[in-house]
Amino acid sequence: MLPLSLLPLLVCAMAGVPLPVWLVALSAVLYGMPAELLGILRPVLPSHIFGSFGYGRRLGRLARPMDLANALAPSACVWLMSWSPQYALWAVFGLSGAAFLSALALGGLVYDGPNHRHYTGSSV
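What counts, and at which threshold
Residues numbered from 1 in each chain as written. Predicted model: local features only at pLDDT ≥ 70, side-chain atom pairs only at ≥ 80, totals over all residues. Heavy atoms only, no water. Patch = residues over 30% accessible without salt bridge, like charges linked within 9 Å, V, L, I, M, F, W, Y side chains within 5 Å. Areas by Shrake-Rupley, 256 points an atom, 1.4 Å probe, with all protein chains shown as cover. Salt bridge = Lys/Arg side-chain N within 4 Å of Asp/Glu carboxyl O. Helix = DSSP H or I, 4+ residues; strand = E, 2+ residues; numbered from the N terminus. Expected span 1.5 Å × (residues − 1). Bend = angle between axes of the 7 residues up to and from the residue. Buried < 20%, exposed > 50% of the residue type's maximum accessible area, 1.4 Å probe, protein only. Contact = heavy atoms within 4.5 Å.

A cluster of nonpolar side chains, namely Leu37, Ile40, Leu41, Leu45, Ile49 and Phe50, defines an oily patch on the protein surface of about 520 Å² accessible area. Here phenylalanine 50 lies in helix H2 (residues 21-50).

Listed below in structure tokens is the structure:
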């Protein structure tokens, strides 16, 4: 949804056409949809994939890079926008496209269902 939300903004910015209010509202809604999904999947997915053992540690390891990216992204976007808002829009559009392609690649990974191994604490 992120690339789709930014595409109308990018097209209007490159064409120099003013944005209609309904298009801005639609882009904002489409931009917010991945955040809602992430809010649901972030705590549930590690438990489902790795099991309940070490859940907090695994969730913490997943949270560190995301928190770092969330902390650095606004400063990087402002720095890029100081050059040109179009550069920033192209950069965000490109990064969201890369994230979309990464999600497609992750969808092709094989998951063997509930038969995956859980760490039992033994060395065997």
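A separate point is H2. Since the α-helix packs 3.6 residues into each turn, any two residues three or four apart lie on the same face. Counted at 1.5 Å a residue, the expected span for H2 with its 30 residues is 44 Å, and the 45 Å between its end C-alpha atoms agrees. Where H2 bends most, at leucine 41, the angle is about 40°, and the proline proline 43 comes one to four residues later. Those residues of H2 lying buried are Leu23, Ser27, Leu30 and Pro46. Where H2 is buried, its residues contact helix H1 (2-15) and helix H3 (55-83). Positive phi appears at glycine 51, one or two residues downstream of H2, with a value of about 85°.

The next subject is the environment of leucine 10. When you line up the elements, leucine 10 lands in helix H1. Expressed as a C-alpha distance, the spacing of leucine 10 and tryptophan 90, which sit 80 residues apart in the sequence, is 7.4 Å. In this view, leucine 10 contacts Leu89, Trp90 and Phe93; residues no more than four positions away in its chain are not counted.

So yeah, pure geometry; function would need other evidence.
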